[in-house]
Amino acid sequence: MLARASEEHLLEKLVLQLCKDFQAANIFVDIEPDISPGQLKRTLHETVFFLMRDRFNDYLSLLYIIDVSEEEVKRIQTVDTVEISEEVTFLILKREWQKVWFKNKV
């Protein structure tokens, strides 16, 4: 997904969408516009893990603002917080990518 965003020159728009939604949830995340796809994934994963562990209400608010499917989150099959946060990071990126891709196609 991140490779495709980069190939289609939409990575910067994906970063902007992420920053916009994190800001709407009052969560500061430092993402540079020219961040690499790998670093973007790591930064988001670290942030999601921190939110799950230390600021759970903000984590829930973020998922609501981004519009991550509650059913998809419930389908996560692990109990390890690191693995859950990795899966949630994927769901966040997937949803934000859908928004950016759709806006670009319309």
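Residues numbered from 1 in each chain as written. Predicted model: local features only at pLDDT ≥ 70, side-chain atom pairs only at ≥ 80, totals over all residues. Heavy atoms only, no water.

For the rest of this paragraph, the subject is the overall build of the protein. When its secondary structure is counted, the protein shows six helices and zero strands. Helices and strands in the protein line up, N terminus first, as α-α-α-α-α-α. Radius of gyration (C-alpha) of the protein: 13 Å, near the 13 Å computed for a compact globule of 106 residues. Projecting the C-alpha coordinates of the protein onto the three principal axes gives extents of approximately 35 × 25 × 25 Å. Taken across its 106 residues, the protein has 37% of its residues classed as buried. Total accessible area on the protein stands at roughly 6600 Å², and carbon and sulfur atoms take up 52% of it. The average position of the 14 basic charges and that of the 19 acidic charges among the side chains of the protein differ by 6 Å. (Helix = DSSP H or I, 4+ residues; strand = E, 2+ residues; numbered from the N terminus. Rg over C-alpha atoms; globule rule 2.2 N^0.38 Å. Buried < 20%, exposed > 50% of the residue type's maximum accessible area, 1.4 Å probe, protein only. Areas by Shrake-Rupley, 256 points an atom, 1.4 Å probe, with all protein chains shown as cover. Lys, Arg positive; Asp, Glu negative; His and termini not counted. Charge placed at Lys NZ, Arg CZ, Asp CG, Glu CD.)

Another aspect to go through is helix α6 (residues 81–105). Spanning 25 residues, α6 covers 36 Å between terminal C-alpha atoms, matching the ideal 36 Å at 1.5 Å per step. Within α6, the full set of buried residues consists of Ile84, Ser85, Val88, Thr89, Leu91, Ile92, Leu93, Glu96, Trp97, Lys99 and Val100. (Expected span 1.5 Å × (residues − 1).)

Another point: a nonpolar patch on the surface. Taken together, the side chains of Trp101, Phe102 and Val106 define a hydrophobic patch exposed on the protein surface, amounting to about 340 Å² of accessible area. As for its position among the elements, valine 106 is in the segment after α6. Residue valine 106 is classed as exposed on the basis of its relative accessible area of 72%. (Patch = residues over 30% accessible without salt bridge, like charges linked within 9 Å, V, L, I, M, F, W, Y side chains within 5 Å. Salt bridge = Lys/Arg side-chain N within 4 Å of Asp/Glu carboxyl O.)

Before going further, it helps to examine the packing of helix α2 (residues 11–24) against helix α3 (residues 37–54). Interaxial distance between α2 and α3 falls to 12 Å at its minimum, and their mutual angle equals 15°. Regarding the angle of α2 to α3, the classification is roughly parallel. Here α2 and α3 pass one another in a crossing that is left-handed. On α3, the residues that touch Leu11, Leu14, Val15, Leu18 and Phe22 of α2 are Pro37, Leu40, Leu44 and Thr47. (Axes fitted to C-alpha atoms, helices over the stretch in contact; angles between N-to-C directions. Parallel < 35°, antiparallel > 145°, perpendicular 65-115°, else oblique. Left-handed = near helix turned anticlockwise from the far one by under 90°. Contact = heavy atoms within 4.5 Å.)

What follows is about the environment of glutamate 86. With respect to the secondary-structure elements, glutamate 86 resides in helix α6. Relative accessible area serves as the criterion here: at 40%, glutamate 86 is assigned to the partly exposed category. It is 9.0 Å that separates the C-alpha atoms of glutamate 86 and lysine 41, two residues lying 45 residues apart in sequence.

It is worth spelling out a negative patch on the surface at this point. On the surface, Glu12, Asp30, Glu32 and Asp34 cluster together into a patch of negative charge. Counting through the fold element by element, aspartate 30 comes out in the loop between α2 and α3.

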